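Close look at the chain arrangement
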Amino acid sequence: MPTSTDYDRWADRLHGLSDHLLGLDARLDRTLDPTRLSGGTVGPLVARTVDATTTNLAASRGHLLALTDACRQRAELCRRWSRALDAYDEAMHDHVTRARTLDPGDHLGPPPTRPTAPGPWAQRD
Amino acid sequence: MPDIISIDPAAGLDAAASVGHEVRGLVMFTDEVREIDRGGGDLATHTTPTLRLLDEVAEELRLLAAALDVAARAAIAADTLDSSSSTALWRAAARRWSTELWASLHDDIGVTTVDISQLGRWRPDRVRAWWESLDAGQRIAAVHQYPDVIGTTDGIPLSVRIDANHVTITHLTALPDHDPRLDQYLDPAGRPDRSRQIVLLDLRGDGLVAELIGDLATATSLAVVIPGMGSELANASVVGDDARRLQGGHDDLAVIAWTGYDAPKGLVAPDSLGDLWRDLVAADEVASDELARAGARRLAWFGAALDLELDVPTTYLGHSYGSLTLGLAIRGGLTGSRAVFLGSPGVGVDSTSDFPALAFLEYFAADAHGDPVADLQRFGDAPTDPDFGAQTFDVGDSDGVFLQLHDDYFENDVAIANLRTIVRGGSPSPDRPSLAARVGELLDDLGVRGAHVVENAGEHLEDLADDLASGAVDVADWLDETFHDSLDAAVSGLEILGGSALDGLEWMSGWPPSTLRDLLPDPLGWFD
């Protein structure tokens, strides 16, 4: 399972890829200059490809940005869960220590509750 | 410079290289997304559509790079040729260029190499399988590099053949000394007419050509018209116009004018010894079924290719020598919905039962009354003969004489309406007796009526005499009432027959022309 570190790294790469696609679209616009490549039967192919590519690149960027957000959210959830688990571990350690040193008649109280994982996709840092 | 390659070659090559570079970068990034997809994060909701889109973009760009590369190289090849180069030189150069390019494409994008110049020898189903094994980029490359092969090979989809032949026409008409037979495919501005749907174009010899009229996307019936003697590329507009009249702008009909075989040369009124020699050669060709046999093989393959691609009932209409070609093609394996023989000198068999069983669902035949070619029966019994087994139908009355009668099947409204009905799967109106037969019937009828009248007159002679004598019956009225209708019809029929005969005599009086009269011996002074 990925950790918050993995999700952070992925989010950075995906954001970079999204930027790359933005640049790719602009570069294609320049490379496939319709004033130089409009002739003959290849002209319509150029125009059609530029249109289709622009549309698909925009849609791809939308998905990539959503994916980036999802990775950042998961990284944050993984971090919070990991911190909660750390606190739980500490509380459980105290609970066990107190149980071992408990005098007769003292009340121990309930053990701490283990935090629930945010999803099957999460792994403790 | 030809339209197909009218891009700046340097810009084309630069763009192809740049786009290729971008594709490689995009593939690397896409691989990273794929890696993330496999990372166990259960992110498929977002990664699946992203990967699909990125793969599509990469594919589109890869194809575009290939097309730009091809177009740029074509432009360079054209630039290197001398402007006065002949068609043969251009084709030879294009061939060398395309062979090299084909090899490079094989290295670059993994084209399955075939000896494409041999493609026309393959059966249509094998061609079809090969074509479907190519990806879009390879198909584009094939059309641009081998337009003459792709545009003539049965098994290649018709839409691709149309594109390829447009490329061929564009290339060749850009040459300063281009083949004048191609001028019929240029628009008024002298540019290749993109609206023409040429599904076959071969400039060798007399030339082969086939043109699709109508829209296959809306057509629910298809007709293939096979013309006869004298048909060739130079006069393809004749059968093309026939096909247009048959299609008539109806969306449900598509018609292919198929001059896909080497037909016998047409006879011309000889104005020179050269013309006379041409007629002798033509007479020899048309007397033999050799050309029809070769044409039948081509037609059978063309039909097989149509069957592979289309799912509409197809009617084949063979006219004149084309009906012999059609008949022999059916014997050789051509299948379809309906077969129509028009003005046929015979179709190679004496009965539809001699055709392979179930080759066609129905057979039809028609002759214009007085069609001299149909009367020849040179290649078997007339398909209009009741024993042949074809349904005969009405092709109307022609205003023409002699050979004109043979060429009017797509001219008059009755014939066209019946042919459309057949192509649509309906029942045409039945054949009518010839004009001569009808006049004969009228005259017979007149005789019968006359005899009947005399008989009645005899029986009632006394009463009639009394009536006439007393003035109870007017003699003129009695005669008019008795004979009027029959006489009118007979006179009308005789006038038409007389007119046709006079037209024929007038036509014949112009032969031989004066130039030939001077060359031929005329001891009896017949030409004077």
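Below: a short report on this structure. (Residues numbered from 1 in each chain as written. Chains lettered and ligands numbered in written order. Predicted model: local features only at pLDDT ≥ 70, side-chain atom pairs only at ≥ 80, totals over all residues. Heavy atoms only, no water.)

Concerning the overall build of chain B
When its secondary structure is counted, chain B shows 17 helices and 8 strands. Across the 528 residues that make up chain B, the buried fraction comes to 47%. A sequence separation of at least 24 residues applies to 71% of the contacts in chain B between residues at least 6 apart. (Helix = DSSP H or I, 4+ residues; strand = E, 2+ residues; numbered from the N terminus. Buried < 20%, exposed > 50% of the residue type's maximum accessible area, 1.4 Å probe, protein only. Contact = heavy atoms within 4.5 Å.)

Remarks on the environment of Met92(A)
Residue and element names in this part refer to chain A. Note that Met-92 resides in helix H3 (residues 42-100). Assessed through its relative accessible area of 24%, Met-92 is described here as partly exposed. Not counting chain neighbours up to four residues away, the residues in contact with Met-92 comprise Pro-111 and Pro-112.

Observations regarding the sheet that holds strand E2 (residues 208-213) of chain B
Residues and elements named next belong to chain B. The strand order across the open sheet formed by 8 strands is E1-E2-E4-E3-E5-E6-E7-E8, and the pairing between neighbours is mixed. In the strand order of this sheet, the two ends are held by strand E1 (197-202) and strand E8 (391-392), each with one partner. Both strand E3 (residues 221-226) and strand E4 (residues 253-259) contribute to a ladder of 5 bridges, which runs parallel. Within E4, the residue paired with Leu-222 across the bridge is Ala-254. Along the sheet, helix H10 (residues 290-309) contacts E1, E2, E3, E4 and strand E5 (314-319); its crossing angle with E4, the most-contacted strand, is approximately 150 degrees. (Pairing = 2+ DSSP bridges. Axes fitted to C-alpha atoms, helices over the stretch in contact; angles between N-to-C directions.)

Let's talk about the pairing of strand E6 (residues 338-342) of chain B
Residue and element names in this part refer to chain B. The element E6 is extensively covered by neighbouring structure, given that 5 of its 5 residues are classed as buried. The two faces of E6 match: Arg-338, Val-340 and Leu-342 on one face and Ala-339 and Phe-341 on the other face are all buried. Inspection of the sheet shows E5 paired to E6 by 5 bridges, in the parallel sense. When the sheet's bridge partners are listed, Leu-317 is paired in E6 with Val-340. The β-α-β motif built from E5, the intervening helix H11 (residues 321-331) and the parallel element E6 has right-handed crossover chirality. Bridge count for E6 against strand E7 (residues 362-366) is 5 bridges, and the pairing is parallel. In the strand pairing of E7, Val-340 is matched with Phe-364. (Right-handed = clockwise from strand over helix to strand, strands pointing away.)

What about the packing of aromatic side chains?
Residue and element names in this part refer to chain B. Tallying each qualifying case throughout the model produces 12 aromatic pairs over all chains. Centroid distance Phe-341 to Tyr-363: 6.5 Å. Interplanar angle 5 degrees. Geometry classified as stacked. Highlighted residues: Phe-341 in strand E6 and Tyr-363 in strand E7, separated in sequence by 22 residues. Neither residue differs from the other here; Phe-341 and Tyr-363 are each classed as buried. An aromatic cluster of at least three residues, connected via ring pairs, comprises Tyr-316, Phe-341, Phe-355, Phe-360, Tyr-363 and Phe-388. Over the face of the ring belonging to Trp-122 we find Arg-126, whose NZ or CZ atom lies 3.7 Å from the ring centre. (Phe/Tyr/Trp six-rings, centres within 6.5 Å; stacked < 30°, edge-to-face > 60°. Lys NZ or Arg CZ within 6 Å of the ring centre and 35° of its normal.)

A few points about the packing of helix H1 (residues 4-31) of chain A against helix H1 (residues 9-37) of chain B
Direction vectors running N to C along H1(A) and H1(B) enclose 160 degrees, while the axes themselves pass 11 Å from each other. The angle between H1(A) and H1(B) falls in the class roughly antiparallel. Two packed elements cross with a definite hand, and for H1(A) against H1(B) that hand is left-handed. Along its contact with H1(A), which presents Trp10(A), Arg13(A), Leu14(A), Leu17(A), His20(A), Leu21(A), Leu24(A), Arg27(A), Leu28(A) and Thr31(A), the element H1(B) presents Ala15(B), Ser18(B), Val19(B), Glu22(B), Leu26(B), Phe29(B), Glu32(B), Val33(B) and Ile36(B). Looking at side-chain class alone, the contact of H1(A) with H1(B) contains 12 nonpolar, 3 polar and 4 charged residues. (Parallel < 35°, antiparallel > 145°, perpendicular 65-115°, else oblique. Left-handed = near helix turned anticlockwise from the far one by under 90°. Nonpolar A, V, L, I, M, F, W, Y, C, P; charged D, E, K, R; others polar.)

Re the interface of chain B and chain A
The interface is formed by 37 residues belonging to chain B together with 37 residues belonging to chain A. Here chain B meets chain A over a buried area of about 3300 Å², counting both sides, of which 73% is carbon and sulfur. Where chain B packs against chain A, one counts 2 salt bridges. Of the charged contacts, one joins Arg13(A) and Glu32(B) as a salt bridge, the two residues approaching to 2.7 Å between their closest N and O atoms. On inspection of chain B and its partner chain A, the count reaches 4 residue pairs in polar contact (both at pLDDT 80 or more). When residues of the side of chain B that touches chain A are traced back to their parent elements, those giving at least two are H1, helix H2 (44-79) and helix H5 (136-145) of chain B. No other element matches H2(B), which puts 14 residues into the side of chain B that touches chain A. (Buried area = accessible area lost by both parts, 1.4 Å probe. Salt bridge = Lys/Arg side-chain N within 4 Å of Asp/Glu carboxyl O. Polar contact = N/O pair within 3.5 Å; in protein donor to acceptor, adjacent residues only side chain to side chain.)

Focus: the pattern of salt bridges
Counted under the stated rule, the structure contains 28 salt bridges over all chains. Its salt-bridge partner being Arg52(B), residue Glu56(B) comes within 3.4 Å of it at the nearest N-O pair. Of this pair, Glu56(B) and Arg52(B) both sit in helix H2, 4 residues apart, which is roughly one turn of that helix. On the accessibility criterion, Glu56(B) (31% relative accessible area) is partly exposed. Each of Asp8(A), Glu76(A), Arg79(A) and Arg80(A) takes part in salt bridges that share partners, so that together they form one network.

Brief notes about unusual backbone geometry
Residues and elements named next belong to chain B. Phi at Ser-320 is positive, roughly 60 degrees, even though this residue is not glycine. Counting through the fold element by element, Ser-320 comes out in the loop between E5 and H11. Residue Ser-320 is classed as buried on the basis of its relative accessible area of 5%. Although it is not a glycine, Leu-358 sits at a positive phi angle of roughly 65 degrees.

Concerning the pairing of E7(B)
Residues and elements named next belong to chain B. Among the 5 residues that make up E7, 4 are buried, leaving the element largely enclosed by the rest of the structure. Judged from the 2 bridges that link them, E7 and E8 form a sheet pairing that is parallel. Each bridged residue has a counterpart across the sheet, and for Phe-364 the counterpart in E8 is Gln-391.

Some points on helix H4 (residues 124-133) of chain B
Regarding H4(B), the residues found buried are Pro124(B), Val127(B), Arg128(B), Trp130(B) and Trp131(B). When H4(B) is viewed along its axis, its buried side chains cluster within an angular range of 165 degrees and face the same direction. (Arc of directions from axis to C-beta.)

What about the nonpolar core?
Grouped together as the largest cluster of nonpolar side chains are 43 residues, with contacts concentrated most on Ile256(B), Trp258(B), Ile330(B) and Phe341(B). Not counting the four nearest positions on each side in its chain, Ile256(B) is found in contact with Val199(B), Ala210(B), Glu211(B), Leu212(B), Leu222(B), Ala223(B), Val224(B), Val225(B), Phe302(B) and Leu306(B). Leu17(A), Trp81(A), Val23(B) and Ala58(B) belong to the second-largest nonpolar core, a separate cluster that totals 42 residues. (Core = buried A, V, L, I, M, F, W, Y, C linked by side-chain atoms within 4.5 Å.)

A short note on H11(B)
All names here are of chain B. Among the 11 residues that make up H11, 10 are buried, leaving the element largely enclosed by the rest of the structure. Among all positions in H11, only Tyr-321, Gly-322, Ser-323, Leu-324, Thr-325, Leu-326, Gly-327, Leu-328, Ala-329 and Ile-330 are buried. Phi for Gly-333, located one or two positions after H11, is positive at around 120 degrees.

Thoughts on the environment of Gly396(B)
Structurally, Gly396(B) can be placed in the loop between E8 and helix H12 (403-406). Between the C-alpha atom of Gly396(B) and that of His369(B), which follows or precedes it by 27 residues, the distance is 9.0 Å.

Some words on the side chain of Arg128(B)
All names here are of chain B. If you trace the backbone, Arg-128 turns up in helix H4. Taking the relative accessible area as the measure of exposure, Arg-128 reaches 17% and is therefore buried. The residues contacting Arg-128, other than those within four sequence positions of it, are Gly-155, Ile-156, Pro-157, Leu-308 and Glu-309.

These values are about where atoms sit, not about what they do.
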